[in-house]
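Below, each chain spelled out in residue letters.
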Amino acid sequence: LSRGYLRSKNCLREVRAALTMGKPLVLVHEADPDKGGGTLAELRSECPEELRADIFDAGWPMVVWHRIAAFQHVSLKVIAEALLLKTPKYEGEDELPLCIPGEIRADGLAFPKPVVLWASTLNDGARGLADAVAAAVPDGISITDAPPSC
């Protein structure tokens with residue numbers, strides 16, 4: 001989705017055909033305003049009224065397209081996964097363990113020694129975020145709200 005896409009006669013023909021044939025959509029949202037990106041509200045306003053609900057409110061996967069290589073790889077993986085999950089081979093699956101050769105996998109990361117993460121009681125949400133980080137790194141992080149000693 002980028003500025004002008006949903007005003008293009010040919011693009012609208014493709015979208016209408018996909019919807020008519022019951023084909024799945026994956027919405028790829030251009031993030032860079034210099035490359036035609038816009039807010040979802042702006043892009044939605046360009047869409048013909050009769051298609052808005054079918055495109056924007058139907059629960060199709062939405063992927064933000066980034067132009068930094070590492071983030072672009074993530075976008076590509078999300079697009080590939082969304083499309084593969086709609087094929088008969090992966091029917092009933094919720095996710096697929098896709099990877100790009102050479103990528104760093106989070107499951108292989110570990111701290112060489114124990115880490116203490118300080119969550120300030122003066123920062124709303126800090127403890128929740130710290131808990132989420134600790135949950136993502138099993139056996140590697142403990143959390144405290146005691147002020148650090150200098």
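All of these numbers come straight from a predicted model, not from anything done at the bench. (Residues numbered from 1 in each chain as written. Predicted model: local features only at pLDDT ≥ 70, side-chain atom pairs only at ≥ 80, totals over all residues. Heavy atoms only, no water.)

Once that is clear, we can look at the overall build of the chain. Helices and strands together make up the secondary structure of the chain, namely five helices and four strands. Ordered by position from N to C terminus, the α and β elements of the chain give α-β-α-α-β-α-β-α-β. In the chain, buried positions account for 23% of the 150 residues. Looking at the chain as shown, the accessible area adds up to about 10,700 Å², and 58% of this sits on carbon and sulfur atoms. Seen as two clouds, the 16 positive and the 21 negative side-chain charges of the chain have centres 8 Å apart. (Helix = DSSP H or I, 4+ residues; strand = E, 2+ residues; numbered from the N terminus. Buried < 20%, exposed > 50% of the residue type's maximum accessible area, 1.4 Å probe, protein only. Areas by Shrake-Rupley, 256 points an atom, 1.4 Å probe, with all protein chains shown as cover. Lys, Arg positive; Asp, Glu negative; His and termini not counted. Charge placed at Lys NZ, Arg CZ, Asp CG, Glu CD.)

As a packed pair, helix H1 (residues 9-20) and helix H3 (residues 49-56) sit with axes 12 Å apart at the nearest point and diverge in direction by 60°. Between H1 and H3, the angle is such that the two are oblique. In terms of crossing hand, the pair formed by H1 and H3 is left-handed. Across from Leu12, Val15, Arg16 and Leu19 in H1, the residues of H3 making contact are Glu50, Leu51, Asp54 and Ile55. Class assignment of the residues belonging to the contact of H1 with H3 gives a composition of five nonpolar, no polar and three charged. (Axes fitted to C-alpha atoms, helices over the stretch in contact; angles between N-to-C directions. Parallel < 35°, antiparallel > 145°, perpendicular 65-115°, else oblique. Left-handed = near helix turned anticlockwise from the far one by under 90°. Contact = heavy atoms within 4.5 Å. Nonpolar A, V, L, I, M, F, W, Y, C, P; charged D, E, K, R; others polar.)

Glancing now at the side chain of Glu46. Note on placement: Glu46 falls in helix H2 (residues 40-46). Given a relative accessible area of 16%, Glu46 falls into the buried group. One polar contact links the side chain of Glu46 to the main-chain amide nitrogen of Gly4, over a distance of 2.8 Å. With residues up to four places along the chain from it excluded, the contact list for Glu46 reads Ser2, Arg3, Gly4, Tyr5, Leu6 and Arg7. (Polar contact = N/O pair within 3.5 Å; in protein donor to acceptor, adjacent residues only side chain to side chain.)

Quick look at the pattern of salt bridges now. Where charged atoms from two side chains of opposite charge approach closely, those side chains can pair. Enumeration over the complete set of coordinates arrives at six salt bridges. One salt bridge in this structure joins Glu46 and Arg7, with 3.0 Å as the shortest N-O distance. In this pair, Glu46 is assigned in helix H2 and Arg7 in the segment before H1, connecting sequence segments 39 residues apart. A salt bridge links Arg44 to Asp57, with the shortest nitrogen-to-oxygen separation between them at 2.9 Å. Residue Arg44 is located in helix H2, and its partner Asp57 is located in the loop between H3 and strand E2 (62-65); the two are separated by 13 residues in the primary sequence. (Salt bridge = Lys/Arg side-chain N within 4 Å of Asp/Glu carboxyl O.)

The next thing to look at is the side chain of His29. Considering the arrangement of structural elements, one finds His29 in strand E1 (residues 27-30). A polar side-chain atom of His29 sits 2.6 Å from the main-chain carbonyl oxygen of Gly38. Residue contacts for His29: discarding those within four places in its chain leaves Leu1, Gly38, Thr39, Leu40, Leu43, Met62, Val63, Val64 and Trp65.

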